[in-house]
Amino acid sequence: MKKEMAKTYDPRGIEDRIYKNWEEKKYFHAEVDHSKQPFTIVIPPPNITGQLHMGHALDETMQDILIRFKRMQGYNALWQPGTDHASIATEVKVIESLKEQGITKADLGREGFLEKCWDWRKEYGGRIVNQLKKLGSSCDWDRERFTMDEGCNRAVTEVFVKMHEKGWIYKGNRIINWCPVCKTSISDAEVEYEEQHGHFWHMKYPFINEDGTVSDTEFLEFATTRPETMLGDTAVAVNPEDERYAKYVGRKVMLPIMNRPIPVVADEYVDMEFGTGVVKITPGHDPNDFEVGKRHGLPVINVLNDDATINENGGKYCGMDRYEARAAIVEEIKEMGLLVGIEDYSHNVGTHDRCGTTVEPMVKEQWFVKMDELIKPAIKAVETGDIRLVPKSMEKVYYNWTNNIKDWCISRQLWWGHRIPAWYCDDCGETIVDRTAPAVCPKCGGTHLTQDPDTLDTWFSSALWPFETLGWPEMTEDLKYFYPTDVLVTGYDIIFFWVIRMIFSGFEQMGEKPFKTILFHGLVRDAQGRKMSKSLGNGIDPLEIIRDYGADALRMTLVTGNAPGNDMRFYTERVEANRNFANKIWNATRFIMMNVAEDAADIDSNAVPANLHPEDKWILSRFNDVVKEVTDNMEKFEMGIAVQKVYDFMWGEFCDWYIEMVKPRLYLTDDADSKNAALWTLQTVLIGGLKLLHPFMPFITEEIFTTIQQTEESIMISSWPVWRDDFNYPEDEKAIEMIKEAVRGIRNIRTERGIAPGKKAMVYVVSSSDETLGYFEKDKLFFEVLASASDAVMQKDQSGIPEGAFSVVLPFATLFLPMQDLIDIPAEIARLEKEEKRLEGELKRSEGMLSNERFLSKAPADKIAAEKEKQAKYKDQMDGVRAQLEQLRNM
RNA sequence: GCGAUCAUAGCUCAGCUGGGAUGAGCGUCCGCUUGACGUGCGGGAGGUCACAGGUUCGAUCCCUGUUGGUCGCACCA
């Protein structure tokens, strides 16, 4: 069917229209259907505070490519979408916006504040979803979930209660990371270490003599980076092996300022080699010291308030900020003559990844998840390959974490999030953990119960995402059918936060892994290789790119030349290149449309015409190869390679060669059969190519597909191309090989002869004999070539075509060129001799390999077979080369 | 400190667990209003695949080491 098409492809307007149509037709929706195999991906839920950035764009693009590919392959493909409440991130944003109005969290109270949070969610929660749609994401929006919707809330409570019953969730006084700005505890994963330049203060504590007086001659010297913590010191430690200090163990030193006698203890934690081999022990504010303290029964003294000012345990420093106190304490120690020296020192300091504040280790009562047993199946699953990590190198990173895992601190002193389902009896102090609020205390019967004010770590609910979105804790049909999901696509930066936690949660709650494969991608960086960040202002807004170049071009840019797990740099030049590719495909379609007759019906790609020319068979068999390879790459998650192959095939072979070859048949001859065969092939390969391209460029492929087909049916629900026996022509191998030769020959002519001062023409190979003519077999082949009119011999009478000549068809004239004029025979002979030599080497190599016993005994059978096949191919090629040489030498 | 990973054309990167550098995009130079496309067409220049050893008939690919970069983890107070 003939249709008018614009000269350039402009995605604007088209993309939104198409997306709307897909949504209306419910193409993204999946229902349980036991006649089909499921293929499931759950989206990494973007934060409701989020704005689409390049990281999302990459993540969503990869998922959409996979889901569209599988959908076309006939799977029942479900892409489960949703958003994350992002406890701390959202709370911070809401507080900020309130601040502008001069309101604080406390002014509103818990209820009021939460209302504001829900308002925020209502206002901004949908924004990111709309942005995902701009990308073309084929998520099943009917199933959209939110980590704080009713179902997820139930799931969270259920997990908490169950794990508590099992003893795997407990409340305890342990050392945790505290953010003095956010005023909440955070997990180990949320601590980011950053190098800071500070000082190393060398100081000394005096011994206490046997008579109880403080010595002015005997001291224990050590160094610290955090002098203010001395206020909470409860011991000084040395290594038990350390002979220098053995005699002091058991004695006491006087903690200056606080005037508190503290013991000298021996503990293996102390490194004798480092510094003086003496460490001050502050169990309240250092995780290692906390452990030492536990071993020696030392008291724990917390000297900090929640905002990191010194508390009443800090004596006269009470109320002072931690850094002010540090300076003042150093000053006082100096005055006391106990400061030995100051050294510049750079070390890594833990900061809160959210706000950058230096975290303070503190002992606090918090809720924890016991990890030792929980993590076991998660480790095993990766070890046995039950869960596959792509790329494999991520396994090391994974084990690095799982093997050193500590209990997970899950309580947060925040309001926005899942409230911990624990109540305390005001009368007897009993703790009750239950699915619903208890009315009376089971222990004392008291009715004054207060719920724990804390909420849960955001990642606690995210960890349940793969099954809570499918209906858990209800064992729904969805869950039975779609779980475990197939692939998780995510960045390597959240492997600890999210991926590992989903895995152990999946095994614990479902008894089954949450996904079979994890596909990691890298970071999208700017053109200089820097991380895109708000503070640098170097972020490129994907929405702007979509507006200027189209989502297809953006998607292509994000996925081409990008291997799993690798970071990529983003250049607008690359987007342009992909926009150009879209235009190329558009124009190839235009060319075909212009040549299709006004009243032509759609072609039936199954009705293969009988009279295909060699070039038709060539492109069809090439298409067949590409289908096979691309499918293979897709199955292996090698999307970058897959798309590159389609790109190269469509542009480099289909457009550059096949379309050019076929032009004379459409323009210059009246042979209807030949014309139809060409048009059939053009359309068949184009449509096939569009299908291969569809996962990557969903919009333009849809636009073209619906333009050239008469059906309304969408390309996204069409079937993925498969290898076809009727596109395989073993009996015509020679003719097809000839096309390849011709392509090479023409290249040769174009380059080595430099024939082209400016005229484009078609070469028509003519010969009355059936013999191979140099590179070309007899008749019917047209090729584009740059030919020089001055090099050509004009012959008006076509009957006078000399044996073994090319005809060069210009728009208004036909030129004939003797073979000798087109081919630089000596150069060609030299080239072939080189080729002959190469093949000789290749054959020698192959023979060597196949006679090598070690190779034969060790190599797998298919490899040996492949080598044998190669050898046969080389022999064939050698014969060909020698025959050509013979021919050229006789010319 | 431990571990990972990278080093290929001027730039950014692909390269299927050893067998012709087969490369791509951008840039650059030369030539093209040709009836799909100048968002195009044709062509050229440009690489001792970081360096040094080793294994092998053969190494960009495997091993060891060196140098340089990136990342993760652990940090000694």
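About the thresholds
- Residues numbered from 1 in each chain as written.
- Chains lettered and ligands numbered in written order.
- Predicted model: local features only at pLDDT ≥ 70, side-chain atom pairs only at ≥ 80, totals over all residues.
- Heavy atoms only, no water.
- Helix = DSSP H or I, 4+ residues; strand = E, 2+ residues; numbered from the N terminus.
- Buried < 20%, exposed > 50% of the residue type's maximum accessible area, 1.4 Å probe, protein only.
- Contact = heavy atoms within 4.5 Å.
- Areas by Shrake-Rupley, 256 points an atom, 1.4 Å probe, with all protein chains shown as cover.
- Pairing = 2+ DSSP bridges.
- Axes fitted to C-alpha atoms, helices over the stretch in contact; angles between N-to-C directions.
- Salt bridge = Lys/Arg side-chain N within 4 Å of Asp/Glu carboxyl O.
- Polar contact = N/O pair within 3.5 Å; in protein donor to acceptor, adjacent residues only side chain to side chain.
- Core = buried A, V, L, I, M, F, W, Y, C linked by side-chain atoms within 4.5 Å.
- Parallel < 35°, antiparallel > 145°, perpendicular 65-115°, else oblique.
- Nonpolar A, V, L, I, M, F, W, Y, C, P; charged D, E, K, R; others polar.
- Phe/Tyr/Trp six-rings, centres within 6.5 Å; stacked < 30°, edge-to-face > 60°.
- Lys NZ or Arg CZ within 6 Å of the ring centre and 35° of its normal.
- Patch = residues over 30% accessible without salt bridge, like charges linked within 9 Å, V, L, I, M, F, W, Y side chains within 5 Å.
- Lys, Arg positive; Asp, Glu negative; His and termini not counted.
- Charge placed at Lys NZ, Arg CZ, Asp CG, Glu CD.
- pLDDT = per-residue confidence, 0-100.
- Disulfide = S-S within 2.5 Å.
- Left-handed = near helix turned anticlockwise from the far one by under 90°.

A. Region of interest: the overall build of chain A. Counting its secondary structure elements, chain A contains 25 helices and 30 strands. Counting over 891 residues, chain A shows a buried share of 54%. A separation threshold of at least 6 residues defines the contact pool for chain A, and within that pool the share at least 24 residues apart is 77%. Carbon and sulfur atoms make up 49% of the accessible area of chain A, which amounts to about 39,800 Å² in all.

B. Representation of the sheet that holds strand β18 (residues 422-425). The strand order across the open sheet formed by 3 strands is β19-β18-β20, and the pairing between neighbours is antiparallel. If you trace the sheet from one side to the other, it starts and ends with β19 (431-433) and β20 (449-451), each paired once. Averaged over neighbouring strand pairs, the angle between their axes works out to 30 degrees when direction is ignored. The pairing of β18 with β20 spans 3 bridges and is antiparallel. When the sheet's bridge partners are listed, Y424 is paired in β20 with T450.

C. Examining the pattern of salt bridges more closely. Applying the stated criterion across every chain, the model contains 46 salt bridges. Note that R145 is salt-bridged to D149, the shortest N-O span being 2.7 Å. Both residues of the pair, R145 and D149, belong to the buried class. The shortest N-O distance in the salt bridge between K166 and E508 comes to 2.8 Å. With K166 in the loop between α5 (150-165) and β5 (169-179) and E508 in helix α13 (residues 495-510), this pair connects stretches of sequence that are 342 residues apart. On the accessibility criterion, E508 (23% relative accessible area) is partly exposed.

D. Here's a closer look at the side chain of H85. Within the element layout of this structure, H85 appears in the loop between β3 (82-83) and α3 (87-100). Among the polar contacts listed, one links the side chain of H85 to the side chain of T147, at a separation of 2.7 Å. In this structure H85 touches I48, T90, F146, T147, M148, W416, G417, H418, T458 and S461, once residues within four positions along its chain are discounted.

E. View of the nonpolar core. Grouped together as the largest cluster of nonpolar side chains are 161 residues, with contacts concentrated most on F460, F654, L682 and F696. Among the elements that take part in this core, helix α18 (residues 639-667) stands out by supplying 15 residues, more than any other. Ignoring anything within four residues of it in the chain, the contact list for L682 reads F591, I592, F654, Y658, I659, V662 and L666.

F. Local environment of the packing of helix α15 (residues 551-559) against helix α20 (residues 698-708). At a minimum axis separation of 7 Å, α15 and α20 run at an interaxial angle of 130 degrees. Relative to α20, the element α15 is oriented oblique. For the pair α15 and α20, the contacting residues are A551, D552 and R555 in the first and P698, F699 and I700 in the second. Classifying every residue of the contact of α15 with α20 by side-chain character gives 4 nonpolar, no polar and 2 charged.

G. Main features of the packing of aromatic side chains. Scanning the entire structure with this criterion turns up 34 aromatic pairs. Clustering of aromatic rings is evident, with ring pairs tying together F160, W367, W408, F460 and F504. Over the ring of F368 we find R174; its NZ or CZ atom is 4.6 Å from the centre of that ring. Across from the ring centre of F219, 4.3 Å away, lies the NZ or CZ of K204, which sits over that ring.

H. View of a negative patch on the surface. On the surface, a cluster of negative charge is contributed by E111, E115, D119 and E123. Its place among the elements puts E111 in helix α4 (residues 105-135). Residue class for E111 comes out exposed when judged on its relative accessible area of 61%.

I. Main features of the pairing of strand β9 (residues 235-238). Both faces of β9 are covered, namely the face carrying A235 and A237 and the face carrying V236 and V238. When β9 meets strand β12 (residues 278-281), the two strands line up antiparallel, connected through 4 bridges. Looking at the pairing, A237 lines up with V279 of β12. Pairing between β9 and strand β11 (residues 260-266): 3 bridges, direction parallel. Paired with V238 across the bridge in β11 is A266.

J. Representation of the pairing of strand β10 (residues 252-255) within the structure. Pairing between β10 and β11: 4 bridges, direction antiparallel. Its bridge partner being in β11, K252 is matched across the sheet by P263. Joining the antiparallel neighbours β10 and β11 is a turn of 4 residues, in which I257 adopts a positive phi near 70 degrees.

K. Layout of unusual backbone geometry. Here the amide bond leading from V390 into P391 is cis, since omega sits at 0 degrees, within 30 degrees of zero. Tracing the backbone through its elements, the reader meets P391 in the loop between β15 (388-390) and α9 (394-402). In this model, Y483 is joined to P484 through a cis peptide bond whose omega is 0 degrees. Within the secondary structure, P484 is located in the loop between α12 (477-482) and β22 (485-491).

L. Structural context of the side chain of R622. With respect to the helices and strands, the residue R622 is situated in helix α17 (residues 614-635). Within polar-contact distance, the side chain of R622 engages the side chain of E653 at 2.7 Å. Not counting chain neighbours up to four residues away, the residues in contact with R622 comprise F649 and E653.

M. Spotlight on the sheet that holds β5. Taken in spatial order, the 4 strands of this open sheet run β6-β5-β14-β16, and their pairing is antiparallel. Unpaired on one side and paired on the other, β6 (184-186) and β16 (408-409) mark the two borders of the sheet. Sheet topology note: the β5/strand β14 (residues 360-369) ladder contains 10 bridges and is antiparallel. Of the residues in β14, the one forming a bridge with R174 is K364.

N. The confidence of the model for chain A, seen in detail. Averaged over chain A, the pLDDT score is 83; the fraction of residues at 70 or greater is 83%. Low pLDDT, under 50, characterises residues 751-822; the stretch is placed with 168 contacts to residues that sit more than four places away or in other chains. Under the prediction, the complex receives an ipTM of 0.90, its pTM being 0.87.

O. Representation of the state of the cysteines. Summed over all chains, the structure comprises 0 disulfides. Lacking any disulfide linkage, C428 is separated from the closest cysteine sulfur, that of C444, by 3.5 Å.

P. Here's a closer look at the packing of helix α2 (residues 54-72) against α4. Here α2 crosses α4 at 55 degrees, and the two axes come no closer than 10 Å. It follows that α2 is oblique to α4 by the angle criterion. Considering the relative orientation of α2 and α4, their crossing is right-handed. Contacts between α2 and α4 pair H56, A57, E60 and T61 from the former with I128, L132 and L135 from the latter. Looking at the contact of α2 with α4 residue by residue, the classes come out as 4 nonpolar, 2 polar and 1 charged.

Q. Layout of α20. Of all 11 residues in α20, 10 are buried, a share of seventy percent or more. Of all the residues in α20, the buried ones are P698, F699, I700, T701, E702, E703, I704, F705, T707 and I708. Each element contacted by the buried residues of α20 is listed here: α1 (14-24), α2, α4, α15, α16 (572-595) and α19 (672-693).

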